[in-house]
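# A structural walkthrough
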Amino acid sequence: MSRYLLVRLRQSLVTLFLVSVVVFAGVRALPGDPALALAGEERSPQALAAIRQAYGLNDNIVIQYGRFVGHALTGDLGTSSRTGLPVLDSITSALPVTLELAAFSLLLAVVLGIGAGVVAAVRRGRPEEWLANAAALLGLSVPHFWLGIVLVLVFAIAVPVFAASGFVPFGADPLENIRHLVLPAVVLGSGLAAVVMRQTRAAMLENLSADYVRTARAKGLSRRQVIAGHALRNSLVTVVTVLGLQLGQLISGAVVTEQIFVLPGFGKLTIDAVFTRDYAMLQGVVLFTSAAYILINLLVDVLYSVVDPRIRLGGAPR
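Residues numbered from 1 in each chain as written. Predicted model: local features only at pLDDT ≥ 70, side-chain atom pairs only at ≥ 80, totals over all residues. Heavy atoms only, no water.

Another point: the overall build of the protein. Counting secondary structure elements, the protein contains 12 helices and 0 strands. Nonlocal contacts in the protein, meaning residues at least 24 apart in sequence, comprise 72% of its contacts between residues at least 6 apart. Counting only carbon and sulfur atoms, one obtains 67% of the accessible surface of the protein, whose full area is about 17,100 Å². (Helix = DSSP H or I, 4+ residues; strand = E, 2+ residues; numbered from the N terminus. Contact = heavy atoms within 4.5 Å. Areas by Shrake-Rupley, 256 points an atom, 1.4 Å probe, with all protein chains shown as cover.)

Have a look at this one:
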């Protein structure tokens, strides 16, 4: 397994290098002059020349990229032109909010998605399956912004059970923290739960008809042992794959969700950087997100052998 991890780590580093090139080139391909955005109201030629000199915008593009990578490796992602704060400090301040929201959403998606998928497969052709499929279709079809508005109108205004906006840290008030995150987590996790449900159902149906399941039943194992210990465990390989791929959707979905519920998280930080043309912030946010996504995929590959030890991944010792 150690050799496999080294191979995957090398591939991840190469991918991260390519991502850094794309991020660096993409930000500089945006319309407009970065010096004009940094200058603000002061648009005199002297001010623009001083800004270009201070930020190295007059240097060759290769030199600028080398400086960007060198600073990034030391944790220096630049300074925000909007707030004047280091980009890394802004990211680390907003990241806990998004991570907590993503954790709530992921927990909701796993519990509801896997549970509904197992029920739909075991109770195939019965009302339980129709209800689970209808709920999954609804979760996939309803846009996040519309669902968020409806939940706010019902559960924050008509019946004020949960908070409509804002964020309270868990350490300050755990109950208020949950009240502020329930509705965003439902909005963000509903689509993922629907995807997990459909994949779990399909994998369960395939495994329930497999020879090893029939053998387990013939040996006298209980229905629960057959479903949970055999069919579900092998179905989780597919579910883990889907979860790893969909975690990126949580980040992109958080952009809309955090705007609706006014959460000071990673998504709102990204939107603010785009609208204010904060190039340093946008560059740092995209690079940080890409690195996190690459790390998530690496962890998913490692989890395969944990979920099903029979799997021998390419590069693993035999």
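Once the structure has been displayed, the description carries forward.
It is worth spelling out helix α8 (residues 174-208) at this point. Counting along an α-helix, one turn takes 3.6 residues, and residues three or four places apart therefore face a common direction. For α8, spanning 35 residues, the distance from its first C-alpha to its last is only 42 Å, which falls clearly below the expected 51 Å at 1.5 Å a residue. The principal kink in α8, of about 40°, is found at glycine 189. (Expected span 1.5 Å × (residues − 1). Bend = angle between axes of the 7 residues up to and from the residue.)

Let's shift gears to the packing of aromatic side chains. Following the criterion strictly, the structure yields 4 aromatic pairs and no others. For the ring pair phenylalanine 24 and tyrosine 65, a centre distance of 5.4 Å and an interplane angle of 70° mean the geometry is edge-to-face. On the criterion of sequence distance, the pair formed by phenylalanine 24 in helix α1 (residues 2-28) and tyrosine 65 in helix α4 (residues 61-73) is long-range, its members being 41 residues apart. Each member of the pair, phenylalanine 24 together with tyrosine 65, is buried. Ring centres of tyrosine 65 and phenylalanine 68 lie 6.4 Å apart, and the angle between their planes is 50°; on these two criteria the pair is classed as tilted. Of this pair, tyrosine 65 and phenylalanine 68 both sit in helix α4, separated by 3 residues, roughly a single helical turn. The class of tyrosine 65 is buried, set by a relative accessible area of 17%. Put simply, the rings of Phe24, Tyr65 and Phe68 pair up and form one aromatic cluster. (Phe/Tyr/Trp six-rings, centres within 6.5 Å; stacked < 30°, edge-to-face > 60°. Buried < 20%, exposed > 50% of the residue type's maximum accessible area, 1.4 Å probe, protein only.)

Two numbers describe how helix α5 (residues 87-122) lies on helix α11 (residues 266-275): the axes approach to 7 Å, and their chain directions differ by 135°. Between α5 and α11, the angle is such that the two are oblique. Counting all contacts with α5, which are made through Ser90, Ile91, Ala94, Leu95 and Thr98, the residues of α11 involved are Phe266, Gly267 and Leu269. For the contact of α5 with α11, the per-class residue count stands at 5 nonpolar, 3 polar and no charged. (Axes fitted to C-alpha atoms, helices over the stretch in contact; angles between N-to-C directions. Parallel < 35°, antiparallel > 145°, perpendicular 65-115°, else oblique. Nonpolar A, V, L, I, M, F, W, Y, C, P; charged D, E, K, R; others polar.)

On the surface, Phe145, Trp146, Ile149, Leu153, Val154, Phe155, Ile157 and Val256 cluster together into a nonpolar patch covering about 750 Å² of accessible area. Examining the composition of the nonpolar patch, we find that 7 residues originate from one element, helix α7 (residues 144-158), more than from any other. For leucine 153, the location among the structural elements is in helix α7. Take leucine 153: its relative accessible area is 48%, and that puts it in the partly exposed class. (Patch = residues over 30% accessible without salt bridge, like charges linked within 9 Å, V, L, I, M, F, W, Y side chains within 5 Å. Salt bridge = Lys/Arg side-chain N within 4 Å of Asp/Glu carboxyl O.)

Attention now goes to the confidence of the model for the protein. Here the protein shows a mean pLDDT of 80. Residues at 70 or above account for 89%. Low pLDDT, under 50, characterises residues 313-318; the predicted model gives this stretch 11 contacts beyond four residues in sequence or across chains. (pLDDT = per-residue confidence, 0-100.)

Let us look at unusual backbone geometry. Of note, valine 262 is a non-glycine position whose phi angle comes to about 55°, a positive value. For valine 262, the location among the structural elements is in the loop between α10 (223-260) and α11.

Further remarks concern the side chain of threonine 270. Here threonine 270 shows up in helix α11. Separated by 2.9 Å, the side chain of threonine 270 and the backbone oxygen of phenylalanine 266 make a polar contact. (Polar contact = N/O pair within 3.5 Å; in protein donor to acceptor, adjacent residues only side chain to side chain.)

Our focus in this paragraph is the pattern of salt bridges. Scanning the model with the defined rule gives 5 salt bridges in all. Across the salt bridge formed by lysine 268 and aspartate 272, the nearest N and O atoms sit 3.3 Å from each other. With lysine 268 and aspartate 272 both in helix α11 and 4 residues apart, the pair spans about one turn of that helix. For lysine 268, a relative accessible area of 25% corresponds to the partly exposed category. Aspartate 272 sits in the partly exposed class, given a relative accessible area of 21%.

Geometry of a packed helix pair, given as the angle between the helix axes and the separation of the axes. The geometry of α7 relative to α8 is characterised by a closest axis approach of 10 Å and an angle of 150° between their N-to-C directions. By the angle between their directions, the pair α7 and α8 is classed as roughly antiparallel. Crossing geometry of α7 relative to α8 is assigned as right-handed. Between α7 and α8, the residues in contact are His144, Leu147, Gly148, Leu151, Val152, Phe155 and Ala156 and Leu183, Val186, Val187, Leu188 and Ser190, respectively. Split into classes, the residues belonging to the contact of α7 with α8 amount to 9 nonpolar, 3 polar and no charged. (Left-handed = near helix turned anticlockwise from the far one by under 90°.)

Between the first and last C-alpha of α7 there are 20 Å, a value that for 15 residues agrees with the 21 Å anticipated at 1.5 Å per step. At valine 152, α7 shows its maximal kink, close to 25°. Of all the positions in α7, only Leu147, Gly148, Leu151, Val152 and Ala156 are classed as buried.

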